Amino acid sequence: MPSYAITGAARGLGYEFVNQLSSEAANTVFALVRSASTATKVQTLAGERKNIHIVQCDVTKPDEVIAAAEKIATLSEGSLDVLVHNAVAMDMDTMGMPPSAFVAEKAEMAVSAMDKAFSTSLYGALWITNALIPLIEKSQQRKIIHISTGMADPDLIKTTGISYAVPYVVSKAAMNMLVAKYAAELKDKGIKVLALSPGWVDTADMTGPPPQEMLDAFQLMLSQFQKVKPDLAGPITPEESVRMQLDVIRDLDEKTSGTFVSHHGDQNWF
Ligand SMILES: NC(=O)c1ccc[n+]([C@@H]2O[C@H](COP(=O)([O-])OP(=O)(O)OC[C@H]3O[C@@H](n4cnc5c(N)ncnc54)[C@H](OP(=O)(O)O)[C@@H]3O)[C@@H](O)[C@H]2O)c1
């Protein structure tokens with residue numbers, strides 16, 4: 001009975017991980033959500049599938065992380081096969097700014113934006129990973145996945161010229177380094193660790209037409225990404241991304257542990 005814990009499972013890719021993994025009755029899926037009371041979509045799915053367990057877990061809150069690990073341990077008899085740390089907090093106010101905008105005169109704004117990004121990509125990554133290592137160690141598969149972004153590849157930045165998304169990308173670069181460190185530490189325990197980029201994925205839950213600002217940002221990003229992949233038409237669906245990511249996770253072994261790859265299993269980020 002393989003077991004999976006997914007952080008940030010309320011919506012977007014986290015929800016889709018829960019959806020695809022729980023469609024196999026033999027899997028046990030722990031859907032870790034920042035706010036159980038507002039995670040209605042995944043709560044509905046859990047009402048239909050007995051193999052989903054909703055677990056309250058804001059990954060930035062150490063007490064909640066510890067309580068979540070205890071709950072998972074109780075429900076899974078002390079073992080967990082795969083952790084997918086997918087949760088992300090993004091500071092949209094500074095998303096369009098290049099590094100030179102983070103000046104000393106606006107230090108408070110800069111620190112707040114960095115803190116927000118690091119709260120999930122670094123601190124949250126540490127808290128949830130460390131709380132679950134004892135369970136993962138006792139499992140068959142022994143895998144830890146951190147969802148990163150191809151935007152944190154220096155070659156991609158150089159080719160596209162993308163200078164914005166600084167706190168987000170810097171925090172994901174830190175996450176990639178954390179993955180390499182964990183892989184080195186946990187090798188002897190047979191635990192494999194991976195930084196995995198999901199590709200460019202449409203996870204916007206839009207109810208009405210997108211605002212012009214969003215359309216402009218989309219066009220800019222598309223034209224920049226096309227410098228890497230000229231025939232890129234747009235983002236892929238969560239369904240396609242998660243299906244491909246699960247193949248990469250399945251193939252993760254000691255040789256690839258510690259690396260930073262895309263949903264293709266290589267450095268092809270789109
Ligand atoms: N979409 C893309 O194109 C893309 C590209 C590259 C990388 N990624 C990465 O893929 C992952 C998922 O992206 P996405 O597009 O699905 O994001 P998303 O739609 O914005 O969803 C983010 C999820 O993280 C949760 N979250 C935020 N702060 C949290 C916290 N402190 N503790 C626990 N959960 C928290 C949110 O919960 P609430 O619903 O409660 O707010 C939400 O469920 C992220 O790591 C992202 O960086 C995405």
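No experiment lies behind these values; they were computed from the predicted model shown. Here the residue numbers are simple positions, counted from 1 along each chain's written sequence. Restriction of local features to residues with pLDDT of at least 70 applies here, the model being predicted, together with a cutoff of 80 or more for giving and counting side-chain atom pairs; totals for whole chains, interfaces and linings are based on all residues. To get the side-chain values, all heavy atoms of the structure are used, and hydrogens and water are removed first.

(A) Representation of the packing of aromatic side chains in the model. Pairing of aromatic side chains here covers Phe, Tyr and the six-membered ring of Trp, requires ring centres within 6.5 Å, and sorts the geometry by plane angle: under 30 degrees stacked, over 60 edge-to-face, intermediate tilted. A complete count under the given rule lists 5 aromatic pairs for this structure. An aromatic cluster is present here, built from Trp 200, Phe 218, Phe 225 and Phe 270 joined pairwise through their rings. Charges are assigned to positions over rings by a cutoff of 6 Å between ring centre and Lys NZ or Arg CZ, combined with an angular limit of 35 degrees from the ring normal. A cation over an aromatic ring shows up here: Lys 41 above the ring of Tyr 15, its NZ or CZ 4.3 Å from the ring centre.

(B) Layout of the site of the ligand. The nearness test applies per residue and asks whether one of its heavy atoms lies within 4 Å of the molecule or strand. Lining the immediate environment of the ligand, one finds 24 residues, of which Arg 11, Leu 13, Asp 58, Tyr 168 and Thr 203 sit closest. Identification of polar contacts relies on pairs of N or O atoms within 3.5 Å, with a donor-acceptor requirement for protein atoms, meaning one able to donate a hydrogen and the other able to accept it, and with residues adjacent in sequence counted only if both atoms are side-chain atoms. At 3.0 Å, a backbone N or O of Val 59 approaches a nitrogen atom of the ligand. In this structure, an oxygen atom belonging to the ligand sits 2.6 Å away from a side-chain N or O atom of Thr 203. For accessible areas, the Shrake-Rupley method is used with a probe of radius 1.4 Å. Any residue's cover is judged against the shown protein chains and nothing else. Notes on the ligand: free accessible area 900 Å², of which the protein chains cover 89%. Counting residues per element, the ones that place at least two in the shell around the ligand are helix 1 (12-22) and helix 6 (166-186). Of the residues contributing to the shell around the ligand, the split by class is 11 nonpolar, 9 polar and 4 charged. Helix and strand assignments follow DSSP, with helices taken as H or I runs no shorter than four residues and strands as E runs no shorter than two, numbered in order from the N terminus. Classification convention: Asp, Glu, Lys, Arg as charged; Ala, Val, Leu, Ile, Met, Phe, Trp, Tyr, Cys, Pro as nonpolar; all other residues, Gly among them, as polar.

(C) Local environment of the layout of surface pockets. Put simply, the grid is 1 Å and covers the protein atoms alone, a cavity is a trapped set of points that fit a 1.4 Å probe, a pocket is an open set with protein on both sides within 12 Å along at least five of seven lines, and lining residues have an atom within 4 Å of a point. Grid points are joined across faces, edges and corners, and a volume is the space filled by probe spheres set on the points. In this model, the second largest pocket occupies a volume close to 260 Å³. If you list the elements that add at least two residues to the lining of the second largest pocket, you get helix 1 and helix 8 (238-251). For the lining of the second largest pocket, the element with the most residues is helix 8, which contributes 4 residues. For the lining of the second largest pocket, a count of residues per class yields 4 nonpolar, 4 polar and 4 charged.

(D) Focus on empty space enclosed by the protein. Enumeration over the complete set of coordinates arrives at 1 cavity of 30 Å³ or more. Space inside the largest cavity adds up to approximately 50 Å³. What lines the largest cavity is Met 90, Asp 91, Thr 94, Met 95, Ala 113, Ala 117, Pro 167 and Tyr 168.

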